[in-house]
Amino acid sequence: MAVSDKKSGCLSIFFPFLKFFQKEETQALPYRLRDDFLSPAEFSFYKVLSSLLGGRWTIQSKVRLADVFFVARPNENIAFFNRIAQKHLDFLVCHTTSMKPALGIELDDSSHRRSNRQERDEFVENVCKAAGLPLLRVPVQREYNSREIAAQIAPILKANFENPAPQSQPTVEKPTNSVPVCPKCDIPMVLRAVAQGEHKGKQFYGCSNYPQCRVMKPVKAQIA
Ligand SMILES: [Zn+2]
């Protein structure tokens, strides 16, 4: 064993990550940084979009559908998960303070006229509709008219901001002794207790899909 090996061997006891880096280096992984993360059309649209949106909104690009949506009953709907696992939205506008998705945007180029692409587009539209995410389709252009884009986007974001979809708000329902069902996921909820803070120990019903679904219901309404 070479002297330097001995040294790094000793060091790796105290700094195990050193060993990790050395191993990776010798393997010469075949990854390279892409020079075209956004295509010219995507980048051109991104610049217009970012000039229109203030700090209240954040733009994400190339977002995987499976990171935006979840499948309500995953065990019985594996095929539905597989259908969103490899698909992406071109852009996703999120509310900056909560990062809650507010609007999906797809840039339509000539490839969207192909029949398999149309099928994919229709599926993505239906996914967005089912989950309550507005989706805007913008035809690819050499230059975008900011006014036109603003006129399309502003009303959607305004409505989303002023009337957010009712979620995570405990709703008072008719008293019942049975376990409530999550209205979003259509599955039985589970009894949980607040872990910390001034309401520590207080029980509530939470969705079993937490944290993907944060719908809650008060226990009081169920047993009163
Ligand atoms: Zn739920």
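These numbers were taken from a predicted model, which means no experiment stands behind them.

Reading the values: rules and limits
Residues numbered from 1 in each chain as written. Predicted model: local features only at pLDDT ≥ 70, side-chain atom pairs only at ≥ 80, totals over all residues. Heavy atoms only, no water. Pairing = 2+ DSSP bridges. Helix = DSSP H or I, 4+ residues; strand = E, 2+ residues; numbered from the N terminus. Axes fitted to C-alpha atoms, helices over the stretch in contact; angles between N-to-C directions. Buried < 20%, exposed > 50% of the residue type's maximum accessible area, 1.4 Å probe, protein only. pLDDT = per-residue confidence, 0-100. Contact = heavy atoms within 4.5 Å.

### A word on the sheet that holds strand β1 (residues 57-64)
If you trace the four strands from one edge of the open sheet to the other, you get β1-β2-β3-β4, paired in mixed fashion. Two strands close off the open sheet at either side, each with one partner strand: β1 and β4 (135-139). With direction set aside, neighbouring strand axes in the sheet form an average angle of 30 degrees. Here seven bridges tie β1 to strand β2 (residues 88-95), and the two strands are oriented antiparallel to one another.

### Points about unusual backbone geometry
Going from Tyr210 to Pro211, the amide bond is cis rather than trans, its omega being 5 degrees. Position of Pro211 relative to the elements: it lies in the loop between β6 (203-207) and β7 (216-218). The phi torsion at Lys62 lies on the positive side, around 50 degrees, for a residue other than glycine. Position of Lys62 among the secondary structure elements: in strand β1. Phi at Asp186 takes a positive value of approximately 60 degrees, unusual for a residue other than glycine. One can find Asp186 in the loop between α7 (146-162) and β5 (189-193). Judged by its relative accessible area of 53%, Asp186 falls in the exposed class.

### Re the confidence of the model for the chain
Counting all residues, the mean pLDDT for the chain is 85, and 79% of those residues have values of 70 or more. This stretch, residues 1-6, has a pLDDT under 50; its non-local contacts, to residues over four places away or in other chains, come to one contact. Per-residue pLDDT stays below 50 along residues 167-175; that stretch engages in 19 contacts with residues further than four places along the chain or on separate chains.

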